[in-house]
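Survey of secondary and tertiary structure
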Amino acid sequence: MPISYRSILSVTPSSSLIADVDSVVSAWLESKQLVPPLRPGTSMHEGQEVSRIDWSNPVVASRRWQLREHWDEPNWFRGERRPGRIAVTSITVVQGRDQARIWVDIDAPLLRYTNRLGEEISEAQESGTPRVMKALIAAFEINDGAAHPFTDPLVIRTSNHVQELAGILADDQRIGSCLVSSPPQGLATDQWVKIVGDMTRGIEGMATAYVVDPERLTEFNAIVGAGLSIGAGSLRTFQPAAKLGTPSDAFRHRVLSARKIRETPLKRIARMLRAAEVRRLAELRLPTILREVDYGLLRSQRHQPLQRIEDLKAETESVAGDRDIERALKLNERLAAELERQKKEALDALEEAIGLMTQLDDLKETIELMEMETAEVASRADESQDTVEALRRRLIRLKAVSDAYAPLGHDERTVYPDSFDDLVDRVHEFGQLCFLGDAETARSLDDHPNMTVAVHKAWDALASLQDYAALTLDGSWSGGGIYSYINDGGHTGRRRLLGFRPTESETVLHNSRMLAQRTVVVPADVHPSGQLIMTAHVALLNGRAGAPRMYIYDNVASNGRVYVGYLGEHLETARY
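These notes cover the structure that comes with them. Everything numeric here is computed off the predicted structure, so don't read it as measured data.

Quick word on the overall build of the protein chain
The number of helices and strands found in the protein chain is 17 helices and 21 strands. Each of the 576 residues in the protein chain was classed as buried or not, and the buried ones make up 47%. Sequence separation of 24 or more characterises 64% of the internal contacts of the protein chain that already satisfy a separation of 6 or more. Total accessible area on the protein chain stands at roughly 30,400 Å², and carbon and sulfur atoms take up 52% of it.

What follows is the structure, given as structure tokens:
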């Protein structure tokens, strides 16, 4: 089952920690009218199943509680409601010699439905912050590296607070994200705190939110550097170990622009932020101590059901020897129920294993594609470095040593957009390009993780197309179309068009449904029919979520413009 919530927090070690956590978990179970387990094992109560598993070695002790319960579909759900939808809440406490952890997971049942666009969706049913997590945060001094899991956004009002926040952002021991924002102009800090609280609802225990007071925003941005700065009314998600002052690290720390926050319902932003954090934590490699404990607990858990069957069999045989037929029948019923439960668990495990094998195949393909991308980028980087060094030597021979080692001027640096949302807002900067695509389709790419590389590739492609059109229009270059431009090093324009494909495959070109997806409404002076099939495209990412594509049409020969007809998720092909 997919993870719907994950929190991994540190707590001060103590000899009574496991017993103290046991008390909090027991109170939570009792609030659900369930009997807390007093020893390792599993108990059933009206379809709910409570388990306790213990495991230890000479240096670490651990305990895990699991609650398996039925979850109804949410109120908004209009699809077929299915029985047997089980969610599993796991609470694990680990006590080591010099560290201790509390780890809470919710494995949620899948929701399968058709959305308003007619797409078949399969996703984990969303959960809020479990009440047991809130109780644990209230009961213990819990931290995430240098951060603390506050319920409400923490306001950064002083220089000391700014310095402390900078240390938290750079902390490599932190696991959860830090969501940092600042009020838009004209809005009081306390009012913005309430809005950010609504946007970050449901992340308690997973991430921590901060609001930088406007009077401290300049100071904060100076410390983190231009690449990691935030604007008034925007929000940046800082992942662990942020490299402050390093613009290239901005790849990892996504930004929600002020415009998107202003125009998007807060509930949707909350779902987007929470889903991104759940996805990141689910893919995160567990800390070493938790990996070791997890294996030990799983081994103990697998042994417990077998032992339960053996105990029931022995009790049944003993009762049968005493000729207590009625009790023997009841024990047989319990044994049959236990066997049926384990059969269901085995089938669930088989289904999960098949799903994991499918995911593994997909990951292998993604890795192969990423390796190809990496090799291509590395080759171009080597070529660029050779070119820089060769040009520098030529300048030195021409006695222009100062020019050879002069730093780049401000107008020589590429200022990349922070997101596709930002890219759509800035595409007008390219006077020779005309964006005809659906802006919301492009902006929705930001809902996928790790899109910064794609944003930069898209911006490089747009800048290169702008130079291609401008140089062709003023007669500085006359070598032909886009493909020739990319491969011609004899002009002064940018040619960063990685992943350019001049046309589609034969399968797409002979499929009317696929061609319809690539048909774009264009001005009449571009095509008399007002429509045009665009097949030339740029592959911005391959094999990853969304696998975004940008479709273009070269009309420079007619009116000096390049048209961008589509920017969004991969359109249908034989493979996708």
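Anyway, onward from the coordinates.
Some points on the packing of aromatic side chains
A complete count under the given rule lists six aromatic pairs for this structure. A ring pair is formed by Phe220 and Phe238, whose centres lie 6.4 Å apart and whose planes are at 90°; its orientation type is edge-to-face. Remark: Phe238 occurs in strand β13 (residues 235–238) and Phe220 occurs in helix α5 (residues 214–224); sequence separation between them is 18 residues. Take Phe220 and Phe238: they sit in the same class, and that class is buried. An angle of 70° between the planes, with centres 6.1 Å apart, marks the rings of Tyr551 and Tyr566 as edge-to-face. Within this pair, whereas Tyr551 is found in strand β20 (residues 549–555), its partner Tyr566 is found in strand β21 (residues 561–568), the two being separated by 15 residues in sequence. Summarising the burial analysis for this pair, Tyr551 and Tyr566 share the class buried. The rings of Tyr468, Trp477 and Tyr485 are connected pair by pair, giving a single aromatic cluster. Directly above the ring of Trp103 sits Arg64, whose terminal nitrogen or CZ lies 5.2 Å from the centroid.

Thoughts on the packing of helix α4 (residues 189–199) against helix α7 (residues 266–283)
It is the contact of α4 with α7, at a shortest axis distance of 7 Å, that shows an interaxial angle of 55°. On the basis of their axis angle, the class for α4 and α7 is oblique. In contact with Ile195, Asp198 and Met199 of α4, α7 contributes Leu266, Ile269, Ala270 and Leu273. Split into classes, the residues belonging to the contact of α4 with α7 amount to six nonpolar, no polar and one charged.

With respect to the packing of helix α1 (residues 17–31) against helix α2 (residues 131–139)
To characterise two packed helices, one gives the angle between the axes of the helices and the distance between these axes. The N-to-C vectors of α1 and α2 enclose an angle of 145°; their axes lie 10 Å apart at closest approach. As for the relative orientation of α1 and α2, their crossing is right-handed in sense. On α2, the residues touching Val21, Val24, Val25, Trp28 and Ser31 of α1 are Arg131, Val132, Ala135, Leu136 and Ala139. Within the contact of α1 with α2, the residues separate by chemical class into eight nonpolar, one polar and one charged.

Digging into α4
Of the residues making up α4, those classed as buried are Thr189, Trp192, Val193, Val196, Gly197 and Met199. The buried residues of α4 all sit within an arc of 155° when viewed along its axis, so they share a single face.

With respect to the nonpolar core
Counting residues in each nonpolar core, the largest one holds 61 residues, and the members touching the most others are Val21, Val25, Ile91, Ile102, Leu136, Phe140 and Met199. Sort the elements by how many residues they give to this core and α1 lands first, with seven residues. The next biggest cluster of nonpolar side chains, apart from the first, holds 36 residues, and it includes Phe430, Leu445, Ala463 and Leu541.

Some thoughts on the environment of Met44
Take Met44: it is sitting in strand β2 (residues 41–45). Sequence separation between Met44 and Arg68 is 24 residues; the distance between their C-alpha atoms is 9.5 Å. The contacts of Met44, once residues within four sequence positions are left out, are Glu49 and Arg341.

Focus on the sheet that holds β20
Pairing within the open sheet is mixed, and its five strands lie in the order β15-β21-β20-β19-β16. Edge strands, defined here as strands with exactly one partner in the open sheet, are β15 (433–435) and β16 (500–501). Sheet strands touched by helix α13 (residues 452–473): β15, β19 (537–539), β20 and β21. Its angle to β20, the strand with the most contacts, is close to 5°.

As for the side chain of His537
The topology assignment puts His537 in strand β19. A polar contact of 2.9 Å, which involves the side chain of His537, links it to the backbone oxygen of Thr535.

A closer look at the pattern of salt bridges
Pairs may arise between side chains of opposite charge once their charged atoms sit close together. Under the defined criterion, the tally for this structure stands at 28 salt bridges. A salt bridge links Asp213 to Arg157, with the shortest nitrogen-to-oxygen separation between them at 3.8 Å. Residue Asp213 is found in the loop between β12 (208–212) and α5, and its partner Arg157 is found in the loop between β10 (154–156) and α3 (159–170); the two are separated by 56 residues along the sequence. With a relative accessible area of 41%, Arg157 lands in the partly exposed category. Ionic pairing is found between Glu263 and Arg259, a salt bridge with its closest N-O pair at 2.4 Å. One end of the pair is Glu263 and the other is Arg259, both in helix α6 (residues 258–263) and four residues apart, which spans about a single turn.

Some thoughts on the environment of Gly41
Among the secondary structure elements, Gly41 is positioned in strand β2. For Gly41 and Arg52, which are 11 residues apart along the polypeptide, the C-alpha to C-alpha distance reads 5.5 Å.

Digging into the environment of Arg549
Topologically, Arg549 is positioned in strand β20. Owing to a relative accessible area of 6%, Arg549 belongs among the buried residues under this scheme. Along the backbone, Arg549 and Glu569 are 20 residues apart, and their C-alpha atoms lie at a distance of 6.2 Å. Setting aside anything within four residues of it in sequence, one finds Arg549 in contact with His537, Val538, Ala539, Leu540, Leu541, Asn542, Tyr566, Leu567, Gly568 and His570. Within the structure, Arg549 has its side chain in polar contact with the backbone oxygen of Ala547 (distance 3.2 Å).

Observations concerning a negative patch on the surface
Taken together, the side chains of Asp382, Glu383, Asp386 and Glu389 make up a negatively charged region of the molecular surface. Looking at the element boundaries, Asp386 is found in helix α9 (residues 325–397).

Conventions we followed
- Residues numbered from 1 in each chain as written.
- Predicted model: local features only at pLDDT ≥ 70, side-chain atom pairs only at ≥ 80, totals over all residues.
- Heavy atoms only, no water.
- Helix = DSSP H or I, 4+ residues; strand = E, 2+ residues; numbered from the N terminus.
- Buried < 20%, exposed > 50% of the residue type's maximum accessible area, 1.4 Å probe, protein only.
- Contact = heavy atoms within 4.5 Å.
- Areas by Shrake-Rupley, 256 points an atom, 1.4 Å probe, with all protein chains shown as cover.
- Phe/Tyr/Trp six-rings, centres within 6.5 Å; stacked < 30°, edge-to-face > 60°.
- Lys NZ or Arg CZ within 6 Å of the ring centre and 35° of its normal.
- Axes fitted to C-alpha atoms, helices over the stretch in contact; angles between N-to-C directions.
- Parallel < 35°, antiparallel > 145°, perpendicular 65-115°, else oblique.
- Nonpolar A, V, L, I, M, F, W, Y, C, P; charged D, E, K, R; others polar.
- Left-handed = near helix turned anticlockwise from the far one by under 90°.
- Arc of directions from axis to C-beta.
- Core = buried A, V, L, I, M, F, W, Y, C linked by side-chain atoms within 4.5 Å.
- Pairing = 2+ DSSP bridges.
- Polar contact = N/O pair within 3.5 Å; in protein donor to acceptor, adjacent residues only side chain to side chain.
- Salt bridge = Lys/Arg side-chain N within 4 Å of Asp/Glu carboxyl O.
- Patch = residues over 30% accessible without salt bridge, like charges linked within 9 Å, V, L, I, M, F, W, Y side chains within 5 Å.
- Lys, Arg positive; Asp, Glu negative; His and termini not counted.
- Charge placed at Lys NZ, Arg CZ, Asp CG, Glu CD.

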